[in-house]
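# Per-entry structural report
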Amino acid sequence: CYNKSIAIAAEHALGSVAFPAISTGAYGYPKHRAAAVVSTAITEALARTNTVEQVSLVFYSEADLGVFLDHQQF
């Protein structure tokens with residue numbers, strides 16, 4: 001969904017997009033796994049476009065942010 005969302009944003013000439021930590025809340029997907037997926041997906045998607053210049057990740061807590069910061073590649 002990250003790849004597709006960034007591609008759609010680029011198609012519509014949007015310069016930014018924001019994402020929550022998809023599936024890590026009620027669905028219980030492990031946050032450390034999600035962090036790795038997010039980092040890879042966003043890095044790959046941004047390499048295919050120069051339209052989207054900013055991707056914001058929105059977290060429920062500072063602890064969630066910490067998990068994602070430990071796995072960032074971008």
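How each quantity is defined
- Residues numbered from 1 in each chain as written.
- Predicted model: local features only at pLDDT ≥ 70, side-chain atom pairs only at ≥ 80, totals over all residues.
- Heavy atoms only, no water.
- Helix = DSSP H or I, 4+ residues; strand = E, 2+ residues; numbered from the N terminus.
- Rg over C-alpha atoms; globule rule 2.2 N^0.38 Å.
- Axes fitted to C-alpha atoms, helices over the stretch in contact; angles between N-to-C directions.
- Parallel < 35°, antiparallel > 145°, perpendicular 65-115°, else oblique.
- Left-handed = near helix turned anticlockwise from the far one by under 90°.
- Contact = heavy atoms within 4.5 Å.
- Nonpolar A, V, L, I, M, F, W, Y, C, P; charged D, E, K, R; others polar.
- Salt bridge = Lys/Arg side-chain N within 4 Å of Asp/Glu carboxyl O.
- Buried < 20%, exposed > 50% of the residue type's maximum accessible area, 1.4 Å probe, protein only.

### Section: the overall build of the chain
Secondary structure summary: the chain contains three helices and two strands in total. In the chain, the succession of helices and strands from N to C terminus is α-β-α-β-α. Here the C-alpha atoms of the chain give a radius of gyration of 12 Å, agreeing with the 11 Å that 2.2 N^0.38 yields for 74 residues. Taken along its principal axes, the extent of the C-alpha atoms in the chain is 30 × 25 × 15 Å.

### Observations concerning the packing of helix H1 (residues 2–11) against helix H2 (residues 31–47)
At a closest axis distance of 9 Å, the pairing of H1 and H2 adopts a crossing angle of 30°. Here H2 runs roughly parallel to H1, going by the angle between their axes. Read as a crossing pair, H1 and H2 show a hand that is right-handed. Residues Tyr2, Asn3 and Ile6 of H1 lie in contact with H2, whose contacting residues are Val38, Ala41, Ile42, Ala45 and Leu46. Tallied by class, residues from the contact of H1 with H2 come to seven nonpolar, one polar and no charged.

### Considering the pattern of salt bridges
Under the criterion given, the structure shown has one salt bridge. Its salt-bridge partner being Asp64, residue Lys31 comes within 2.7 Å of it at the nearest N-O pair. Here Lys31, found in helix H2, pairs with Asp64, found in helix H3 (residues 62–71); they are 33 residues apart in sequence, far enough to count as distant. For Lys31, a relative accessible area of 29% gives the class partly exposed. For Asp64, a relative accessible area of 10% translates into the label buried.

### Quick word on the environment of Pro20
By the element assignment, Pro20 lies in strand S1 (residues 16–20). Classification of Pro20 by relative accessible area gives partly exposed; the value is 48%. Considering only alpha carbons, one finds Pro20 and Leu69, 49 residues apart in sequence, at a separation of 14 Å. Setting aside chain neighbours within four positions, we find Pro20 in contact with Tyr2 and Val58.

As far as function goes, none of this settles anything; it's purely spatial.
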